[in-house]
Amino acid sequence: MKYIDTHCHLDGEEFNDDRETVVQHAREAGCTKIFLPAIDTKSCQSVLDVCAHYPDYCYPMLGLHPEEVRGDWREQLASSIFHHPSSIAIGEVGLDFYWSREFEQEQLEAFEEQVRWSVETRLPLMIHCRKAQNELVSILKRYWDDLPGGVFHCFTGNEQEARQLLEFPRFVLGIGGVLTFKKSHLPEVLPAIVPLDRLVLETDAPYMAPVPQRGQRNEPSFVRHIITRLAEAYRVSEEEVCEKTNRNVERIFGLKA
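Attention in this report is confined to the structure presented alongside it. (Residues numbered from 1 in each chain as written. Predicted model: local features only at pLDDT ≥ 70, side-chain atom pairs only at ≥ 80, totals over all residues. Heavy atoms only, no water.)

### A look at the overall build of the chain
And step 1. Assigned secondary structure in the chain consists of nine helices and eight strands.
And step 2. Its C-alpha radius of gyration of 17 Å places the chain within 12% of the 18 Å reference for a compact globule of 257 residues.
And step 3. A burial count over the chain gives 57% of its 257 residues as buried.
And step 4. Considering only contacts in the chain between residues 6 or more positions apart, those separated by 24 or more positions represent 74%.
And step 5. Taken as a whole, the chain presents about 11,500 Å² of accessible surface, with 45% of it coming from carbon and sulfur.
And step 6. One way to put it: in the chain the 28 positive side-chain charges average out to a point 6 Å from where the 41 negative ones average out. (Helix = DSSP H or I, 4+ residues; strand = E, 2+ residues; numbered from the N terminus. Rg over C-alpha atoms; globule rule 2.2 N^0.38 Å. Buried < 20%, exposed > 50% of the residue type's maximum accessible area, 1.4 Å probe, protein only. Contact = heavy atoms within 4.5 Å. Areas by Shrake-Rupley, 256 points an atom, 1.4 Å probe, with all protein chains shown as cover. Lys, Arg positive; Asp, Glu negative; His and termini not counted. Charge placed at Lys NZ, Arg CZ, Asp CG, Glu CD.)

Rendered as structure tokens:
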């Protein structure tokens, strides 16, 4: 059984002491590739460094995360590092009004600028969104015909929110550890609304480890628990979950498992 972790902060300091072991565990579990999102200029470099250390296994996605957007966002995005030729996607980008709307306008402008990058480069988007779906959808609709596609990372929403995002035909939903949480409604929402050919697998490691590892540091080998829960929810085999999500990754990112 082979799968791809499409969103893992493997460059984070949480992995500094045992990154090699984490990668080995991932390989042993069947993880054939790991995609690493940057969140700012500093992490762009750390993401690139880790990916260079694990060629043809770790792949960089470069962008400015909404929680890192401040008044200097234009200066940040002027850095050439965001346009490194090895990048497979623009991300992690998006909108986040969960904690504060202090930099709301800056977030909106920074996100739209990076959406334009996606249109120009034809690189897919890795999108983060919390408490901002209406605003996010409004921006994406301006580029409806030109968007190359991407992932709505860490989807945890309801049926209405799923339907709204699925209206963008070249995008998929990223599903992680929240699926396995006791109070999660995703095992009911997803099979009712979202076909398997609109999903990809992710960890968002080191965050949001799935049950039974909840509370621990997350890592790519734990995706196996997400696969098991998806197979139960959709009433298909774990092999089918992997096959379909891998095809979705190939369609969006051009990379095979």
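Having seen the structure, we can now continue with the description.
### Re the sheet that holds strand 8 (residues 199-201)
And step 1. Reading across from one edge, 4-5-6-7-8 is the order of the five strands in this open sheet, with parallel pairing throughout. Every other strand in the sheet has two partners, leaving strand 4 (90-96) and strand 8 as the edge strands with one partner each. Taken pair by pair, the neighbouring strands of this sheet meet at an average axis angle of 30°, ignoring direction.
And step 2. In this sheet, strand 5 (residues 125-130) lies alongside strand 4 in parallel orientation, the contact comprising five bridges. When the bridges of strand 5 are listed, Asp96 appears paired with Arg130.
And step 3. Its contacts with the sheet put helix 8 (residues 223-234) on strand 7 (171-175) and strand 8, and the angle it makes with strand 8 is roughly 150°. (Pairing = 2+ DSSP bridges. Axes fitted to C-alpha atoms, helices over the stretch in contact; angles between N-to-C directions.)

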